[in-house]
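# Per-entry structural report
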Amino acid sequence: MASRTSTDLTHPDVADLEFTTILAALSDPVRLAIVARLAEAPDAELACTTFALPVSKSTQSGHFKVLREAGLIRQRDEGTRRYNRLRRTDLDTRFPGLLTLAIPQGHKVIESW
């Protein structure tokens, strides 16, 4: 959920996306699952509250922050909600095939919950 005192959301430019940072973000099963879930809704934004994650709300917020700062997702606030969208076009441009490998692994994580 977006905070009333939240700071501005910053997103790295496509040219600034770093392979090692992306891989580090994807190395956590919860974050991998978030990416897979966002890939299922390519034309939609999903609120943070729509994810059924097996971690606390504060831990979820940290995972979304890591994904945003790595450049995997774009976030925006609307009222008290924070919406998320996978930066698929940007990632496919910068690292072709990476999401094709990562998304099925995220689905496996979701299936194991």
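### Digging into the overall build of the protein
Counting its secondary structure elements, the protein contains five helices and three strands. Walking the protein from its N terminus toward its C terminus, one meets helices and strands in the order α-α-β-α-β-β-α-α. Against the compact-globule benchmark of 13 Å for 113 residues, the protein has a radius of gyration of 13 Å, which places it among compact chains. Each principal axis of the C-alpha distribution contributes one length, and for the protein these read about 35 × 35 × 25 Å. Of all intrachain contacts in the protein linking residues separated by at least 6 positions in sequence, the fraction that spans at least 24 positions is 70%. When the accessible area of the protein is evaluated, it comes to approximately 6500 Å², of which 52% is carbon and sulfur surface.

### Here's the deal with the packing of aromatic side chains
Under the definition given, this model contains two aromatic pairs. Ring plane angle 55 degrees and centroid distance 5.5 Å describe the contact between F19 and F95, whose orientation is recorded as tilted. On the criterion of sequence distance, the pair formed by F19 in helix α1 (residues 19-26) and F95 in the loop between α4 (88-94) and α5 (98-112) is long-range, its members being 76 residues apart. Here F19 falls in the partly exposed class, since its relative accessible area comes to 42%. Looking at R37, its charged tip hangs above the ring of F51, at a distance of 5.7 Å from the centre.

### Quick notes on the sheet that holds strand β2 (residues 73-78)
Reading across from one edge, β1-β3-β2 is the order of the three strands in this open sheet, with antiparallel pairing throughout. In this open sheet, the two strands that pair with only one neighbour each are β1 (46-47) and β2.

### Digging into the pairing of β2
The two faces of a sheet get side chains in turn, since along a regular strand they alternate between them. Pairing geometry for β2 and strand β3 (residues 81-86), over six bridges, is antiparallel. Note that in β3 the partner of I73 across the bridge is L86. Connecting the antiparallel pair β2 and β3 is a turn made up of two residues, with G79 showing a positive phi of about 65 degrees.

### With respect to the environment of L98
Mapped onto the fold, L98 is located in helix α5. The exposure class of L98 is buried, given its relative accessible area of 13%. Here the alpha-carbon distance between L98 and I22, two residues 76 residues apart in the chain, equals 9.6 Å. Filtering out sequence-adjacent residues up to four positions away, L98 remains in contact with F19, I22, L23 and L26.

### Points about the pairing of β3
Here two bridges tie β1 to β3, and the two strands are oriented antiparallel to one another. Directly across from A47, in β3, lies its bridge partner Y83.

### What about the packing of helix α2 (residues 29-39) against α5?
The relative placement of two packed helices comes down to the angle between their axes together with the axis-to-axis distance. The interhelical angle for the contact between α2 and α5, taken along N-to-C directions, is 110 degrees, at an axis separation of 7 Å. Between α2 and α5, the crossing angle belongs to the class labelled roughly perpendicular. For the pair α2 and α5, contact is made by P29, L32, A33, V35, A36, R37 and A39 and by L99, A102, I103, Q105, G106, H107, V109 and I110, respectively. A class-by-class count of the residues in the contact of α2 with α5 yields 11 nonpolar, three polar and one charged.

The rules behind each value
- Residue positions are counted from 1 within each chain, in the order its sequence is given.
- Owing to the predicted nature of the model, reporting of local features is limited to residues with pLDDT of at least 70; listing and counting of side-chain atom pairs is limited to 80 or more, with chain, interface and lining totals taken over all residues.
- Processing note: side-chain calculations cover all non-hydrogen atoms of the structure and skip hydrogens and water entirely.
- Put simply, DSSP marks the helices as runs of H or I at least four residues long and the strands as runs of E at least two long, and each gets a number from the N terminus on.
- Restricting the calculation to C-alpha atoms gives the radius of gyration, and the globule rule supplies 2.2 Å times the number of residues raised to the power 0.38.
- Pairs of residues are marked as contacts when any of their non-hydrogen atoms sit within 4.5 Å.
- All accessible areas in this document rest on Shrake-Rupley with a 1.4 Å probe, and a residue is counted as covered only by the protein chains that are shown.
- Pairing of aromatic rings covers Phe, Tyr and Trp, the last counted by its six-membered ring, and requires centre-to-centre distances within 6.5 Å; plane angles under 30 degrees mean stacked, over 60 mean edge-to-face, and any other angle means tilted.
- Type-normalised accessible area, obtained with a 1.4 Å probe on protein chains alone, sets the label of each residue: buried when under 20%, exposed when over 50%, and partly exposed for intermediate values.
- Think of it as a cone above the ring: NZ of Lys or CZ of Arg counts as a charge over the ring if it is within 6 Å of the ring centre and within 35 degrees of the ring normal.
- At least two DSSP bridges between two strands are needed for those strands to be called paired.
- Comment: axis = line fitted to C-alpha atoms, over the contacting stretch for helices; angle = value between 0 and 180 degrees taken between N-to-C directions.
- Note that the term roughly parallel is reserved for angles under 35 degrees, roughly antiparallel for angles over 145, roughly perpendicular for angles of 65 to 115, and oblique for everything else.
- Amino acids outside the nonpolar list (Ala, Val, Leu, Ile, Met, Phe, Trp, Tyr, Cys, Pro) and the charged list (Asp, Glu, Lys, Arg) are all regarded as polar, and Gly is one of them.

Everything listed here is a matter of coordinates, which is why it stays silent on function.
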